Amino acid sequence: MANNAHAALALSIHDQAGPKGGIAFNQGNNTVYYQKVGTYRATRSGKRVYFTDRTIADISARYGQVFQQQRARAEGHSVAVRGDVGYDLGDRDLAPGNIWIVQLLSRVPWIYNEAGGNSAGISGLNAADKQRYANGLVAAVEICVPTHR
Ligand SMILES: [Zn+2]
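Thresholds, definitions, all that
- Residues numbered from 1 in each chain as written.
- Predicted model: local features only at pLDDT ≥ 70, side-chain atom pairs only at ≥ 80, totals over all residues.
- Heavy atoms only, no water.
- Helix = DSSP H or I, 4+ residues; strand = E, 2+ residues; numbered from the N terminus.
- Rg over C-alpha atoms; globule rule 2.2 N^0.38 Å.
- Buried < 20%, exposed > 50% of the residue type's maximum accessible area, 1.4 Å probe, protein only.
- Contact = heavy atoms within 4.5 Å.
- Areas by Shrake-Rupley, 256 points an atom, 1.4 Å probe, with all protein chains shown as cover.
- Donors = N, O, S within 2.8 Å, 3.2 Å for Na, K, Ca; no water.
- Core = buried A, V, L, I, M, F, W, Y, C linked by side-chain atoms within 4.5 Å.
- Salt bridge = Lys/Arg side-chain N within 4 Å of Asp/Glu carboxyl O.
- Polar contact = N/O pair within 3.5 Å; in protein donor to acceptor, adjacent residues only side chain to side chain.
- Pairing = 2+ DSSP bridges.

**Structural notes on the overall build of the protein chain**
- For the protein chain, the count of helices and strands is 3 helices and 6 strands.
- Sequence-ordered secondary structure for the protein chain, helices as α and strands as β, is β-β-β-β-α-β-α-β-α.
- For 149 residues, the compact-globule estimate of 2.2 N^0.38 gives 15 Å, and the protein chain sits close to it at 16 Å.
- Within the span of the protein chain, comprising 149 residues, buried residues form 42% of the whole.
- Within the protein chain, contacts between residues separated by at least 24 positions form 73% of all contacts whose residues are at least 6 apart in sequence.
- When the accessible surface of the protein chain is split by element, carbon and sulfur atoms take 51% of a total near 8,400 Å².

**Some details on the coordination of the zinc ion**
- His 14 (ND1) and Glu 114 (OE) make up the full set of protein donors to the zinc ion, lying at 1.8 to 2.2 Å. Taken together, the positions of His 14 in the loop between β1 (10-13) and β2 (31-33) and Glu 114 in strand β6 (residues 110-114) put the pair 100 residues apart, joining distant regions of the chain.

**Description of the nonpolar core**
- If you look at the biggest cluster of nonpolar residues, it comprises 15 residues, and the most contacted ones within it are Leu 9, Phe 67, Ile 111, Tyr 133 and Cys 144.
- Put simply, the parts of the chain that give this core at least two residues each are α1 (54-75) and α3 (127-144).
- Cys 144 has contacts with Leu 9, Tyr 63, Val 66 and Phe 67, leaving out every residue within four places of it along the chain.

**Quick notes on the pattern of salt bridges**
- Enumeration according to the criterion identifies 4 salt bridges in this entry.
- Arg 82 is the partner of Asp 84 in a salt bridge, and the nearest nitrogen-oxygen pair spans 2.9 Å.
- For Asp 129, the salt bridge is made with Arg 132, and the minimal N-O distance between the two is 2.5 Å. With Asp 129 and Arg 132 both in helix α3 and 3 residues apart, this pair spans about one turn of that helix.
- Overlapping salt bridges, with partners in common, bring together Lys 36, Arg 82 and Asp 84 in one network.

**Notes on the side chain of His 77**
- Residue placement: His 77 occurs in the loop between α1 and β5 (80-82).
- Of note is the side chain of His 77, whose polar atom sits 3.5 Å from the backbone oxygen of Phe 25.
- There is a polar contact of 2.7 Å between the side chain of His 77 and the side chain of Glu 75.
- Sequence-distant contacts of His 77, that is, excluding residues within four places in its chain, are made with Phe 25, Asn 26, Asn 30 and Ala 72.

**What to know about the environment of Val 145**
- For Val 145, the location among the structural elements is in the segment after α3.
- Val 145 sits in the partly exposed class, given a relative accessible area of 27%.
- With 137 residues separating them along the chain, Val 145 and Ala 8 place their C-alpha atoms 6.9 Å apart.
- For Val 145, the residues in contact, after removing those within four places along its chain, are Ala 8 and Leu 9.

**As for the pairing of β6**
- Burial analysis of β6 places 5 of its 5 residues in the buried class, the great majority of the element.
- Side chains Trp 110, Tyr 112 and Glu 114 project from β6 onto one buried face, and the interleaved Ile 111 and Asn 113 project onto a second face that is buried too.
- The pairing of β1 with β6 spans 4 bridges and is parallel. Bridge assignment links Ile 13 to a residue of β6, and that residue is Asn 113.
- Across 3 bridges, the pairing between β2 and β6 is antiparallel. Paired with Tyr 33 across the strands is Tyr 112, a residue of β6.

Given below as structure tokens:
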């Protein structure tokens, strides 16, 4: 849908919630991923399908910095920014490679957001932490894709 609409920007919004395997909102997993040329995923036959679009990669990298800055400010903790997953997804029994599949298949800038998903003392995010996460995302969207009135 994003490709067909020639979207100016697309987002993934994830968090890591749950009693087991959940990660606290204020520690780790707070990451912004942008698209980078040279990242890939492998097909079943082992052929590597690379992300090759330099124009989109440049825009995606720029937007990634904006998301990192705005999320860190709104969430009140550090947020990492990466041009690749940081490990081989084959280690998780997924198609091997180092770009999230939605970003590989996208022909528009796609910023993939991860966050810790447990607020203090609970499984899942409380309203205040959801609002912090949302505020950073919205601030970044407004900078990357300003509306003209
Ligand atoms: Zn996720």
